[in-house]
Amino acid sequence: MLRLRGITKRFGSLTANDSISIEAVPGRIHCLLGENGAGKSTLMNILFGLLEPDEGEILLGDKALTLTNPKQAMAAGIGMVHQHFMLIPVFTVAENMVLGHEPGRAGMLDLASARALVRDLSARYKLDVDPDALVEDLPVGIQQRVEILKALAHDATYLIFDEPTAVLTPQEIDELMAVMRTLRDEGRAIIFITHKLREVREVADDITVIRRGKVVGQAAPETSEAELASMMVGRAVDLKVHKAPAQPGDDRLVVEDLVVASPTGAIAVDHLSLTVRGGEIVCIAGVQGNGQTELAEALLGTMRPLSGRVTLDGVDITHSKPVDTIKAGLGYVPEDRHRHGFVGEFSIAHNLVLNNLDEYSKFGALDLKKIRDNAQARIKEFDIRHGGSHDQEVRSLSGGNQQKVVLARELSRPLSLLIASQPTRGVDVGAIEFLHGRIVEERDRGTAVLIVSTELEEVESLADRIAVMYRGRIVGIVPPDTPRDVLGLMMAGVAYDEAVATTKGAPA
Ligand SMILES: Nc1ncnc2c1ncn2[C@@H]1O[C@H](COP(=O)(O)OP(=O)(O)O)[C@@H](O)[C@H]1O
Ligand SMILES: [Mg+2]
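Conventions we followed
- Residues numbered from 1 in each chain as written.
- Chains lettered and ligands numbered in written order.
- Predicted model: local features only at pLDDT ≥ 70, side-chain atom pairs only at ≥ 80, totals over all residues.
- Heavy atoms only, no water.
- Helix = DSSP H or I, 4+ residues; strand = E, 2+ residues; numbered from the N terminus.
- Buried < 20%, exposed > 50% of the residue type's maximum accessible area, 1.4 Å probe, protein only.
- pLDDT = per-residue confidence, 0-100.
- Salt bridge = Lys/Arg side-chain N within 4 Å of Asp/Glu carboxyl O.
- Phe/Tyr/Trp six-rings, centres within 6.5 Å; stacked < 30°, edge-to-face > 60°.
- Lys NZ or Arg CZ within 6 Å of the ring centre and 35° of its normal.
- Pairing = 2+ DSSP bridges.
- Contact = heavy atoms within 4.5 Å.
- Axes fitted to C-alpha atoms, helices over the stretch in contact; angles between N-to-C directions.
- UniProt positions renumbered as here; feature names shortened; annotations may be inferred.
- Right-handed = clockwise from strand over helix to strand, strands pointing away.

**Q** Which parts of the structure should I look at to understand unusual backbone geometry?
**A** Note: most peptide bonds trans; most residues except glycine with negative phi. The phi angle at Lys-126 is positive, at roughly 50°, despite the residue not being glycine. One can find Lys-126 in the loop between α4 (111–125) and α5 (140–153). Since its relative accessible area comes to 74%, Lys-126 is described here as exposed. The backbone phi angle of Asp-257 is positive, close to 55°, even though this residue is not glycine. Positionally, Asp-257 belongs in strand β11 (residues 251–261). You can call Asp-257 partly exposed: its relative accessible area is 40%.

Put into structure tokens, the structure is as follows:
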């Protein structure tokens, strides 16, 4: 058994881990549950030798381990599947296995053995992966399998999964859980980090909840989602989005016959038409990669449509650049906040005014006092948790807090249209409740809201109307209480009437 005892880790004035003790027991799945920023990744990075604790010890059996780098952790039988993949995109799967394989228990790995190992492990764990595929050509779900295979290549007894499901589809999540169960039943110890309460209850043997760097308690897998959520957040949490029926006004966003090509030249948005009125939330549902990203980018102006027409409040913005669409009243929350949502090296304060520098400049220079005052107000309003100051770089914030920075910035001026892609991806329950509430408030101010989300739960709870997108087209527009199996079929391209007929005919 692997034990962490009294682990404390400080970053400056912030105590990210405060005397944490947990255990990993072979044959059990231990879920570590906590809000974003609670200190989960920090603890796991310590266990994997990526960070050194200020206090505390790690024991394997009754032997104290010194873990100053991942090599030592792997030698001790510890493997980690990271939250942000650590694969090299231009290399093949097998090449990545060789690179990830520090000479350890199994010695050096050559390419031929790596290929054989991938085939062998894939078959054993039903993790189908082509050893010769380039990583960059693989969908996210398969890239994650490669990460798992890398950890298994060391025959790790103690396996850490750090938020592995944040980027997976519901079906991929089910597959991953099955793999975790198999690994457990083989006698491995799994530490599974997630904020998705349903998953915790489904696979956990043991649950430990941490909040603000401290263990706040253990829970049984039978514990209700509401109870788990309130342990995580430290107060009662409402898992349901409360909203009055929409009071839609005039058409604000009108998309007519839009065609957009992806960077590779393929048609990503295929003669799509859609209208969003003021005061309503339209959610685009669909499996990732059906043109949602290209649609959002074309509306913002970072991609140029080939044909069609887009108007916002009657003004043609079809070929407008982002500076102009933003001026026209578009608020934009991008799908990949790391790449497009903020500048990680900039402070919180500067990130909060990036879209509005004119207003925060005086005599051609930045008005630092005004920027600071704004930061203080927004940090308070959005409860942005940081390590002590608005000067902190945004890249050092947790995912949920980074997303709050983006939303705080986008919602701090009057909008005609808010487009938010995957607004709560990788965000914990406490922050989701808050972000959803703010989006509904924006709707109730009369803004037209367009949400792109691959999370059906999010779509169902936010949408006033659901537009299902498949291969660049809208398959149908349906009400939010449409049954899930009907939505599922529509997401595979089946028209509404046919989907209803099919699911009615199916045995319950
Ligand atoms: N290298 C770092 N420097 C400064 N602060 C950090 C660093 N890494 C993490 N933190 C802070 O420590 C806290 C815990 O972060 P983390 O362990 O990533 O949380 P979780 O994985 O639970 O979301 C957060 O407030 C985060 O901003
Ligand atoms: Mg984390």
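This is not the end of the story, as more comes after the structure.
**Q** Hey, could you run me through the confidence of the model for the protein in this one?
**A** Detailed reading of the predicted model is not advised wherever pLDDT is low. In the predicted model, the protein carries a mean pLDDT of 90, and 96% of its residues have values of at least 70. The secondary-structure element of the protein with the lowest mean pLDDT is helix α11 (residues 337–341), recorded at 78, while strand β14 (residues 307–312) shows the highest, at 98.

**Q** Help me out: how do you make sense of the pattern of salt bridges in this one?
**A** Pairs can form between side chains of opposite charge whenever their charged atoms are close. Throughout the structure, instances matching the rule amount to 36 salt bridges. Across the salt bridge formed by Glu-57 and Arg-5, the nearest N and O atoms sit 2.8 Å from each other. Of the two residues, Glu-57 is situated in strand β4 (residues 55–60) and Arg-5 in strand β1 (residues 2–11); the sequence distance between them amounts to 52 residues. On the basis of relative accessibility, which here comes to 32%, the residue Glu-57 falls in the partly exposed class. One salt bridge in this structure joins Arg-10 and Glu-55, with 2.9 Å as the shortest N-O distance. One end of the pair, Arg-10, is in strand β1; the other, Glu-55, is in strand β4, and 45 residues separate them in sequence. Residue classification places Arg-10 among the partly exposed residues on the basis of a relative accessible area of 37%. Look at Glu-55 and you get partly exposed, because its relative accessible area is 39%. Among the charged side chains, a network of salt bridges with common partners joins Arg-378, Glu-381, Arg-438, Glu-441, Glu-442 and Arg-445.

**Q** Honestly, the packing of aromatic side chains in this entry has me stumped. Any pointers?
**A** Ring pairs (aromatic) are described by centroid distance and by the angle formed between their planes. Throughout the structure, instances matching the rule amount to 1 aromatic pair. Seen from their ring centres, Phe-382 and Phe-434 are 5.4 Å apart, and the 80° between their planes marks the pair as edge-to-face. Here Phe-434 lies in helix α15 (residues 429–444) and Phe-382 lies in the loop between α13 (368–381) and α14 (399–410), a separation of 52 residues in the sequence. The ring centre of Tyr-360 lies 5.4 Å from the NZ or CZ of Lys-370, which sits over that ring. Geometry around Phe-434 places Lys-404 over its ring, the cationic atom sitting 5.6 Å from the centre.

**Q** Explain the sheet that holds strand β12 (residues 267–277) to me, please; I cannot follow it from the model alone.
**A** In sheet architecture, strand pairing relies on hydrogen bonds along the backbone and comes in two forms, parallel and antiparallel. Taking strand neighbours across the sheet as the criterion, the 4 strands line up as β12-β11-β14-β15 in an open arrangement whose pairing is antiparallel. The strands lining the two open edges of the sheet, one partner per strand, are β12 and β15 (315–316). Examined bridge by bridge, β11 and β14 share 5 bridges and lie antiparallel to one another. Across the sheet, the residue bridging to Glu-256 is Arg-309, located in β14. Across the face of the sheet, helix α9 (residues 292–300) comes into contact with β11, β12 and β14 while running at roughly 115° to β11.

**Q** Before we go on, may I ask you to explain the sheet that holds β1 in this structure?
**A** On the basis of which strands lie adjacent, the open sheet formed by 4 strands has the order β2-β1-β4-β5 and antiparallel pairing. The outermost strands of the open sheet, each flanked by one partner alone, are β2 (14–24) and β5 (63–65). On average, each strand axis in the sheet is inclined to that of its neighbour by 30°, with strand direction left out of account. Pairing of β1 with β4, which is carried by 5 bridges, proceeds in the antiparallel orientation. The residue bridging Leu-2 from the neighbouring strand is Leu-60, located in β4.

**Q** Just to check I follow, could you spell out the UniProt feature "domain: ABC transporter" (unreviewed entry) in the protein for this structure?
**A** UniProt marks residues 2–237 and 253–496 with the feature "domain: ABC transporter" (unreviewed entry), using the numbering shown here. As annotated, residues 253–496 comprises 33% helix and 26% strand, and the C-alpha atoms at either end are separated by 24 Å.

**Q** Looking at this model, I keep getting lost on the pairing of strand β20 (residues 448–453). Mind explaining?
**A** Put simply, side chains in a regular strand alternate between the two faces of the sheet. Summarising burial for β20: 6 of the 6 residues are buried, a large majority. Because side chains alternate across β20, one face comprises the buried residues Ala-448, Leu-450 and Val-452, and the other comprises Val-449, Ile-451 and Ser-453, equally buried. Taken together, the 5 bridges between strand β13 (residues 281–285) and β20 define a ladder with parallel strand orientation. For Ala-285, the partnering residue across the bridge sits in β20 and is Ser-453. As paired elements, strand β19 (residues 417–421) and β20 share 5 bridges and run parallel to each other. Its bridge partner being in β20, Leu-418 is matched across the sheet by Val-449. Remark: the β19/α15/β20 crossover connection has right-handed handedness.

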